[in-house]
Each structure stands twice: as C-alpha cells, then as structure tokens.
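Descriptive analysis of the structure
Spelled out, the chains give:
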Amino acid sequence: MTTINENFLLLQKNYLFADIARRVNAYRQAHPEADLISLGIGDVTRPLAPAVIEALHRATEEMADGTSFRGYGPEHGYEFLREAIARHDFAPRGITLDTDEIFINDGAKSDTGNFGDILGSGNTICVTDPIYPVYIDSNVMGGRAGVFDGNSWSRITYSPCNEANDFVPALPEHPADLIYLCYPNNPTGTVLGRAELKKWVDYALQNGSIILFDAAYEAYISSPGIPHSIYEIEGAERCAVEFRSYSKTAGFTGLRCGYTVVPKALTVKTTAGEEVSLNQLWNRRQCTKFNGTAYIVQRAAEAIYSPEGRQQVRETIGYYMTNARIMREALAESGFKVRGGTDAPYLWVKTPEGTGSWEFFEQLLTQARIVCTPGVGFGPAGEGYIRLTAFGRRKDCETAMQRLKERTGRQV
Ligand SMILES: *Cc1c(COP(=O)(O)O)cnc(C)c1O
C-alpha cells in the first residue's frame, strides 16, 4: 500500500497571503470605488533591462539556427555565467571562487528548499525571527521541525529580532546544526555588520554547524562596510553555503535564475567519521534531480555583468531605493518607527502603541486604502509590526505616503 510523506501533513496552512486577499476583497466589495494601493507585494514591477532583453533576443536567434542550437546544458550551469559570477560578484570583494563551486539554478527559493535533500533529518535548526517562510516549511517537509504548538516548532530555535536587540539576533540558546541567515533581511530590511556576522561564522566553526546564507538582496546594500557575501568573513568557506538570486537584483522573478555557492572546503563528518564534501553531494543531487536553467535565461543573466547591463540594473535598483527613501522619510514624519529601506527594499514599521499587526493592517486598509503585510505572518517576533515594500510605482508610493500623513493629521 502506498504511503505519503506525512511530514507534509504537519505543514501549517500559510494563511498569510490568502488572509490578506480575503480582507482586501471584502473591503473592495463594500467600497467598489476605493482606489487601493498595494505596498504588500514582494514582487518587482520595473521591466527587464534593455541589455537583458537584447541578450534574450540574441540567444533566441541562436536557438533558431541548427548550427548554434543548444539542447541540454550542464546541470550546474554554463561556464560563461559561472565565470562572470566569480569575476564580478566575488573577486572584487577579495573572494576567490572556482567555477565548480558555483551552481546555477532557477532561483533561490528552489535551492534554499532543496538543499535539505543532502542534510540529515536529525539536524537541529536555528532561524532568525521574523523570517522568510520557505526555510521553515522546507524543514517541516524534511522531518526536521518537530511539532508545532500553535506558535513555533519544537525542534527549531527562534532567534528573535526586534527593537529590544536592535534587530541583531543572538546566537542560538540551544545547539543548532543548520542556521538560516538572510541578509539584507526580508522582512525587516536590516543588515548585519562584519563583527556580528563573524560571531555566527565563529559559532558555526566551533560547533560544526552549517550556515545557509540567503543573500538575495545583496545588490541593495548601500551602507559602506556591510558584507555583501558571507565569504568576506574568514573561515566561512568551511561552514557556509550562499544563495543568490537575479530575481530582485535584476527583475528575474518571471525569468527564473539564481545560483548557489557550495565551497569545496565545506565538509561534514559521517556517523562513521568520514569527511564528506558538500560540494560533491550537491553536485550529485543536482545532476540527478535538475537539468539546468534555460540557455537563453543564462545568457540574459550574463548580460547583467556587461557595462551597460550593470548600469541599467543599478538604475532600476536606484528607482526602488528612491521609493524606499520617500517612504522611510514620510513614515518617520508621521511619527512611525521604521527600520530598513536603506540597504534593502523593505520597510519594517512598528505599529502604534499596543496595536496588533492585523489590527493595524485593517486600519491602513480602511483609513488610508493601503495594503501592507502584517509582520506576525513572518513569525511570532513580527507581531506589532507591518512590512511595506518599495517595489511599487513611484506615484503609488507618493500617494500612499500622502494618505498616511493626512490620516495621522486627522488623528492628532
Ligand atoms: C525573493 C526572495 C528570494 C528569491 O527567490 P527566487 O526563487 O530567486 O525568486 C530568496 N530569498 C528571499 C528571502 C526572498 O525574499
């Protein structure tokens, strides 16, 4: 008789975005004339850079010609892209990577989830809280999360990030084998400095833990001195895997491309005491379960590293970060405590005294016709906050902030 992976039955329904949609729809039905502005979306809105579009056209033409047509490519990605990554994303920061330490994929969500395939089910886990839900749910599927008590999972250690610790997570109180760090952070928009990141690398090296470092928002860092890669920290090549994505960097959310760095120096001991290379294991896993990212998409990603591509991508990021600045300033003027928006396209806004995340969501919806994301949807430590994104259109950001100011004005 067939059985299923019953870990899937343990998954909590992700009510967050369904709940938001339900409440927004109810409001729309009651107020069909209301011009709602969504600042809740985590998707980009600007079109792809011209250099990317040109590369897509060129690669498509190659596919149309029998002499340049490409079928299956290497599972871990074409050398032209891996070389461009090593040369442009890492070498300038003093990090030397061999191209076979870089695995091209169809986005960071897949690999942050899939990486659990090569890790034992007995590993204990630490996440910062609030957090991108994929890390937790993929570990529930892998049988590593334990039981859910309505608030948190028994085998996951949550390291809260809030005002009390200035959004700097403390090292885990219970031993953790797998540590998920996402910096710049979604949803809080905060970053970790070199000294803070070093504490985590040192902890991992001392305890034989692995850090799964999600750097999907690396391109948004503007503050000097903030590490863009975990490999800027000494010893990280022996304890960390890094995930990058072109989704937010270059608007590839619909095209699908990213990459994972698994250094060859990263080894884990088997129960028999034998050192095993995670790079080899991951390569084996990818060769069996993945057949590579589309050739034309990898050419599109390569185009981001051309001088024009870099310039165009910078401009788009600049557009979003100008939105972020406008929003941050307006929120501060309206008396809100805001984090993020300087090194990440997210603003993490503290709700007015004692107001719950969902209660404030309702207030913004009904009083200012703004849709946000309630912070508690990202974990228990998100209660009392909301997330706004800077990925919208400029006009919408400006109108939304104007409404916020008017709303506060009325209240005072
Ligand atoms: C958007 C996002 C990603 C990128 O996911 P893709 O699958 O590459 O589109 C990864 N991590 C976090 C935290 C994100 O917010």
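The coordinates are above.
Residues numbered from 1 in each chain as written. Predicted model: local features only at pLDDT ≥ 70, side-chain atom pairs only at ≥ 80, totals over all residues. Heavy atoms only, no water.

1. Topic: the overall build of the protein chain
- What the protein chain contains, in helices and strands, is 13 helices and 15 strands.
- Taking 412 residues into account, the globule formula puts the C-alpha radius of gyration at 22 Å, and the protein chain, at 22 Å, falls close to it.
- Each of the three principal axes of the protein chain carries a C-alpha extent, and together these read 65 × 55 × 55 Å.
- Per-residue burial for the protein chain yields a buried fraction of 51% across its 412 residues. (Helix = DSSP H or I, 4+ residues; strand = E, 2+ residues; numbered from the N terminus. Rg over C-alpha atoms; globule rule 2.2 N^0.38 Å. Buried < 20%, exposed > 50% of the residue type's maximum accessible area, 1.4 Å probe, protein only.)

2. Quick word on the sheet that holds strand 11 (residues 338-340)
- Spatially, the 4 strands line up as an open sheet ordered 11-12-15-14, and their pairing is antiparallel. Strands at the two margins of the open sheet, each flanked by one partner only, are strand 11 and strand 14 (373-374).
- Examined bridge by bridge, strand 14 and strand 15 (residues 385-389) share 2 bridges and lie antiparallel to one another. Bridge pairing links Thr-373 to Arg-387 in strand 15.
- Most of the contacts of helix 11 (residues 307-333) go to strand 12 (residues 346-350), to which it runs at about 10 degrees, and overall it touches strand 11, strand 12 and strand 15.
- Of the strands in this sheet, strand 14 and strand 15 touch helix 12 (residues 357-368), which is tilted by about 50 degrees from strand 15. (Pairing = 2+ DSSP bridges. Contact = heavy atoms within 4.5 Å. Axes fitted to C-alpha atoms, helices over the stretch in contact; angles between N-to-C directions.)

3. Some thoughts on the layout of surface pockets
- The volume enclosed by the largest pocket comes to roughly 730 Å³.
- Lining the largest pocket are 31 residues; nearest its centre among them are Lys-109, Tyr-132, Val-134, Asn-186 and Lys-248.
- Counting residues per element, the ones that place at least two in the lining of the largest pocket are helix 2 (15-30), helix 5 (108-114), helix 6 (134-141) and helix 8 (246-250).
- No other element matches the 5 residues that helix 6 contributes to the lining of the largest pocket.
- In terms of residue class, the lining of the largest pocket is made up of 14 nonpolar, 10 polar and 7 charged.
- Space inside the second largest pocket adds up to approximately 590 Å³. (1 Å grid on protein atoms, 1.4 Å probe; cavity = no way out; pocket = protein on both sides within 12 Å on 5 of 7 lines; lining within 4 Å. Points joined across faces, edges and corners; volume = space filled by probe spheres on them. Nonpolar A, V, L, I, M, F, W, Y, C, P; charged D, E, K, R; others polar.)

4. Brief notes about empty space enclosed by the protein
- Enumeration over the complete set of coordinates arrives at 2 cavities of 30 Å³ or more.
- Of the volumes computed, that of the largest cavity is approximately 80 Å³.
- If you trace the largest cavity, you find 14 residues lining it, with Pro-47, Thr-249, Ala-250, Gly-251 and Thr-316 closest to the centre.
- Of all the elements in the fold, those that place two or more residues in the lining of the largest cavity are helix 8 and helix 11.
- By residue number, the principal contributor to the lining of the largest cavity is helix 11, which donates 4 residues.
- Taken together, the residues of the lining of the largest cavity break down into 9 nonpolar, 3 polar and 2 charged.
- Tyr-183, Pro-184, Val-191, Leu-192, Leu-197, Phe-213, Ile-221, Ile-226 and Pro-227 together form the lining of the second largest cavity.
- Class assignment of the residues belonging to the lining of the second largest cavity gives a composition of 9 nonpolar, no polar and no charged.

5. So, the site of the ligand
- Asp-214, Tyr-217, Ser-245, Ser-247 and Lys-248 are the nearest of the 14 residues found near the ligand.
- Lys-109 has a polar backbone atom sitting 2.9 Å from an oxygen atom of the ligand.
- With respect to the ligand, the side chain of Ser-247 contributes an N or O atom lying 2.6 Å from an oxygen atom.
- Contact with the protein chains removes 93% of the 390 Å² of surface that the ligand exposes when unbound. (Near = heavy atom within 4 Å. Polar contact = N/O pair within 3.5 Å; in protein donor to acceptor, adjacent residues only side chain to side chain. Areas by Shrake-Rupley, 256 points an atom, 1.4 Å probe, with all protein chains shown as cover.)

6. Some thoughts on unusual backbone geometry
- Following Asp-129, the chain continues into Pro-130 via a peptide bond in cis, with omega recorded as 5 degrees.
- In the segment running from Tyr-183 into Pro-184, the intervening peptide bond is cis, with an omega of -5 degrees.
- Mapped onto the secondary structure, Pro-184 falls in the loop between strand 5 (178-182) and helix 7 (194-207).
- Although it is not a glycine, Asp-166 adopts a positive phi angle of roughly 55 degrees.
- Here Asp-166 is to be found in the loop between strand 4 (156-160) and strand 5.
- Of the residues examined, Asp-166 reaches a relative accessible area of 45% and is grouped as partly exposed.
- Even without a glycine there, the phi angle at Arg-369 is positive, about 55 degrees.
- Here Arg-369 lies in the loop between helix 12 and strand 13 (370-371).

7. With respect to the pattern of salt bridges
- Here the structure, examined in full by the defined rule, presents 23 salt bridges.
- Taking the shortest distance from any N to any O, the salt bridge between Lys-198 and Asp-202 comes out at 2.7 Å. Of this pair, Lys-198 and Asp-202 both sit in helix 7, 4 residues apart, which is roughly one turn of that helix.
- What makes Lys-198 partly exposed here is its relative accessible area of 39%.
- A residue is classified by how much of its surface remains accessible, and Asp-202, at 25% relative accessible area, is partly exposed.
- The structure contains a network of salt bridges with shared partners spanning Asp-35, Arg-369 and Arg-403. (Salt bridge = Lys/Arg side-chain N within 4 Å of Asp/Glu carboxyl O.)

8. Considering the packing of aromatic side chains
- In total, this model carries 23 aromatic pairs according to the counting rule given.
- Here Tyr-246 and Tyr-305 contribute two aromatic rings whose centre-to-centre distance is 6.3 Å and whose plane-to-plane angle is 80 degrees, an arrangement assigned as edge-to-face. Note that Tyr-246 is positioned in helix 8 and Tyr-305 in the loop between helix 10 (295-303) and helix 11, a separation of 59 residues in sequence.
- Measuring from ring centre to ring centre gives 6.3 Å for Trp-348 and Phe-378, while their planes differ by 65 degrees; the resulting arrangement is edge-to-face. Of this pair, Trp-348 sits in strand 12 while Phe-378 sits in the loop between strand 14 and strand 15, placing them 30 residues apart in sequence.
- By relative accessible area, Trp-348 is classed as buried at 0%.
- Between Arg-46 and the ring centre of Tyr-319, over which it is positioned, the NZ or CZ distance is 4.2 Å. (Phe/Tyr/Trp six-rings, centres within 6.5 Å; stacked < 30°, edge-to-face > 60°. Lys NZ or Arg CZ within 6 Å of the ring centre and 35° of its normal.)

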